[in-house]
Structures are given as structure tokens and as C-alpha cells.
Amino acid sequence: MLDLTSIPVVDNHCHPVLLQQHMDALHFRGYCTEATDPVFAQMHVPNTVYYLWLLRQMATFYGCSNNESDILAARNQLSADTLLEHLFHAANIDTLVFDPAYPLGSECYTPERMGQLGHCRTTKMLRLETLMQELILEHDGFDDVIDLFASRVRQAQAQGYCALKSIVAYRTGLQITEWSKDEAAASFAEARTEARTKRQLRIAHKPLIDYLLHIAFKLAAEQQLAVQFHTGYGDSDTDMRLGNPLQLREMLERKDYYTMPVVLLHESYPYCQLGAYLAAIYPHVYFDLSYMIPFVDRQEMLAFTRQSLGIAPASKLMYSSDGIHIPEMHWVGALRGRSVIGQVLDEMIDANEIDEDQAYDIAQQILHDTAYSVYKL
Ligand SMILES: [Zn+2]
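Rules and cut-offs
Residues numbered from 1 in each chain as written. Predicted model: local features only at pLDDT ≥ 70, side-chain atom pairs only at ≥ 80, totals over all residues. Heavy atoms only, no water. Pairing = 2+ DSSP bridges. Helix = DSSP H or I, 4+ residues; strand = E, 2+ residues; numbered from the N terminus. Axes fitted to C-alpha atoms, helices over the stretch in contact; angles between N-to-C directions. Contact = heavy atoms within 4.5 Å. Salt bridge = Lys/Arg side-chain N within 4 Å of Asp/Glu carboxyl O. Buried < 20%, exposed > 50% of the residue type's maximum accessible area, 1.4 Å probe, protein only. Donors = N, O, S within 2.8 Å, 3.2 Å for Na, K, Ca; no water. 1 Å grid on protein atoms, 1.4 Å probe; cavity = no way out; pocket = protein on both sides within 12 Å on 5 of 7 lines; lining within 4 Å. Points joined across faces, edges and corners; volume = space filled by probe spheres on them. Nonpolar A, V, L, I, M, F, W, Y, C, P; charged D, E, K, R; others polar.

**Quick look at the sheet that holds strand 7 (residues 285-290)**
Then step 1. What the eight strands build is an open sheet, ordered 1-2-3-4-5-6-7-8; its pairing is parallel. In the strand order of this sheet, the two ends are held by strand 1 (9-14) and strand 8 (317-320), each with one partner. Across the sheet, the mean angle separating the axes of adjacent strands is 30° when strand polarity is ignored.
Then step 2. Two strands pair when backbone bridges link them, and strand 4 (residues 161-166) and strand 5 (residues 226-229) are joined in this way by four bridges, in the parallel orientation. Along strand 5, the bridge assignment pairs Lys165 with Gln228.
Then step 3. Running at roughly 140° to strand 7, helix 12 (residues 272-281) makes contact with strand 6 (262-264) and strand 7 of the sheet.

**What about the pattern of salt bridges?**
Then step 1. One pass over the full model with this rule turns up 17 salt bridges.
Then step 2. For Asp140, the salt bridge is made with Arg192, and the minimal N-O distance between the two is 2.9 Å. Of the two residues, Asp140 sits in the loop between helix 7 (128-138) and helix 8 (142-154) while Arg192 sits in helix 9 (residues 181-198), which places them 52 residues apart along the sequence.
Then step 3. One salt bridge in this structure joins Lys218 and Glu222, with 3.7 Å as the shortest N-O distance. With Lys218 and Glu222 both in helix 10 (residues 206-223) and four residues apart, the pair spans about one turn of that helix. The residues Lys218 and Glu222 share a single accessibility class, namely exposed.
Then step 4. Taken together, the shared-partner salt bridges connect Asp99, Arg127 and Lys165 into one network.

**Observations regarding the coordination of the zinc ion**
Then step 1. Coordination of the zinc ion by the protein comes from His13 (NE2), His15 (NE2) and Asp322 (OD), over a distance range of 2.1 to 2.4 Å.
Then step 2. On the primary sequence, the residues serving as donors to the zinc ion are separated as H-x1-H-x306-D. Side by side, His13 and His15 carry an identical accessibility label, which is buried.

**Overview of the layout of surface pockets**
Over the atoms a probe the size of a water molecule is rolled, and this reveals where empty space is left.
Then step 1. Considering only enclosed or pocket space, the largest pocket measures out at about 790 Å³ in volume.
Then step 2. Along the wall of the largest pocket there are 34 residues; nearest its centre are Glu34, Tyr102, Asp235, Ile324 and His325.
Then step 3. Those elements giving two or more residues to the lining of the largest pocket turn out to be helix 1 (25-30), helix 2 (38-44) and helix 7.
Then step 4. Per-element tally for the lining of the largest pocket: the top contributor is helix 7, with three residues.
Then step 5. A class-by-class count of the residues in the lining of the largest pocket yields 13 nonpolar, 11 polar and 10 charged.
Then step 6. As a volume, the second largest pocket reaches approximately 270 Å³.
Then step 7. Lining the second largest pocket are 14 residues; nearest its centre among them are Pro100, Ala101, Thr130, Leu131 and Glu134.
Then step 8. For the lining of the second largest pocket, the elements supplying multiple residues, two or more each, are strand 3 (121-127) and helix 7.
Then step 9. Its residues placed into classes, the lining of the second largest pocket shows nine nonpolar, two polar and three charged.

Purely geometric stuff here, so don't read any function into it on its own.
Given below as C-alpha cells:
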């Protein structure tokens, strides 16, 4: 068996963990599903294979029985700082690339503090739709919003962001279209009315989002700044039909955007082969292999890892956990990622596709090197 434990991972997509880690079973289970209906935490999460696996890893780590209440009791005895410190250390992390836009900053550790506790480097990405919402809430004029949006994106690298991120898949879909400024302005007027009357805004106004995204893409291409896109599996309100990465075609075909690395997140699950195919065809498309979220079992992870490595160059593949809320996710993501990638590479050695040296090279690229070059770490 290939042993990849000594390769420190760059977790190219994850989120902050909560300051408050003391929690009961229902609360903990709620973080282990993308389903929001409470029936899942009550009845179904404990009957899901990945959760049963997670509990066994935690039992070993905390030195207790496999029983959920024993595990949570053992966990609840530790301070949040200690949890983070122990788990991140055990994960052997080089760099965590955070999306700090979710969960709410006031409830979470800062990236800097997580880096101190985990003895690893941290960096962050700028979530574009969140920036749009903030600006539309604060400003009446469309031109003001455009100018401020462009200037924030232009300054992103100087402000410590190593990438941009878009969740347009969860709002209006990945088929990002070109709209005239008048069409975008009409869409802005609707969004602005919503912002003014409700004093909050969930931006889902297609001409407006698409228009502002194109402004960001142009600036990202100028700076060779990567943009991460949520694709496939995601929030429970996602219309999965709009999250198929093939929907990105119009944008991917734009040669003037070829200097903007495009990262397809969550292995585009369940559109894994389609996403990996795009990474194999377009020079600027990279494919994220996420080993905690989507919440799937080892067999599914083996399948998407085989499909990705079977189609795309390793120099286009990057490890992540998508860990969020609880530090166990960042930890088991790294364990599972190394182990699943190792198993698939072993199979490829057995099949005489590659030799052992090449297998270690490939693992090094997925777990570490590809992200270093994409995010200029
Ligand atoms: Zn995420």
C-alpha cells in the first residue's frame, strides 16, 4: 500500500469552525447532512454509512467506545481550542484555504486563529455574491455598485485573498450569460427594492449576478486570479439541474478568460465525469476533489477519484475537505483523502498503468502541489 501520510495537504476549499463546540447529538448530527429538514438529524443521519464511519474514527481518536453518546461526551470534555489543535495537528495540514463568508464570522474562529492552533498556514477567498449583496444593501446607484464591486475585486490579492469564489450555481445557475447594462440595471432595481423593503437581500437576480460576475472574471483574468465555482452537490435549496458544470460552456469558451484558473468544487458530484472531462479539455479548468462534503461513503469516493484520475491530469486535480462548523471534518477529510487516493493509485499500479514513483508524484500533486501553483501559495 502506498503510504501518503507524510504528504502535508493543502485543503483548497474549507470553511471556518464554530467557536462553540460543546454540543448534543442532534446538534452535532445537524452538521453532518446537507438536508435541512430536522427529520434527518433526528432519524436518518445515524443510519447513514458515512456518519457511522465518522463516529468510528472519532471513537479511536478520543479513546472511547463507538457509541455516539460516549463519543460526544468525550469530545465535550475538551475545549474548542484543544479540539482544533489536536485534530488539525493529526491531519498534517500545510495550508487551509478558507471561504470565511459562511458560517457567520461572529460565530466562528478567524482563519488566523485556526492557523495558529493548527500550526498551518491559512489564506482565504472572496465570495462574490456576498460582496454583491453587501454593496446592494448599502448603495442606491447601480454605477456606484459596479465601481465599488470592481475596486474590491481589483484589490482582492492585496487584501490577502488568494482566489475568488462564486455560488451562482445555488442562485441562478452556472449558465452565466451576457446581458446588456440596461437589462442588468433593471435587475438591480428589483434587487435594490428588495434590499430596501426587507433590509436584507438574498441575491437571485440573474441579469444582475451574471453582469457583475463578468466584471469579476475580466479582472480575475487580468490578475491570473483563480475563481472557485460551487458545482453539483450543495445547499439543500440547490436546483441541481443548474449546477451541472457543462452549463459553464459559454464562459469557458471565452479565450480572454483563459488566464483565470477556474476551479470546479465538490468534484461536481454527481456530475464527476463531466467536471473531470472539462479539466481535461480546457487549459484553465481545475477539479476539486472533496473528501468530507459531499457526504458520501468510501465506495463513492473511490468511484469519483478513479473517474477523475482516469480522465484528468493530476496537475489539474486538488484535494479539499470542504470542512465546516466542526474541526473533525478538516481532520477526517485529510485522512480519508490520502487513504482513498492511495488505494486508487495502488489499483493503477496493479493494472500496470503507472509505477510506484509516478504514483507518489501524482499524490503529491493532488494533495499539495497543484494548489500551490493555482493559488500562487
Ligand atoms: Zn464550501
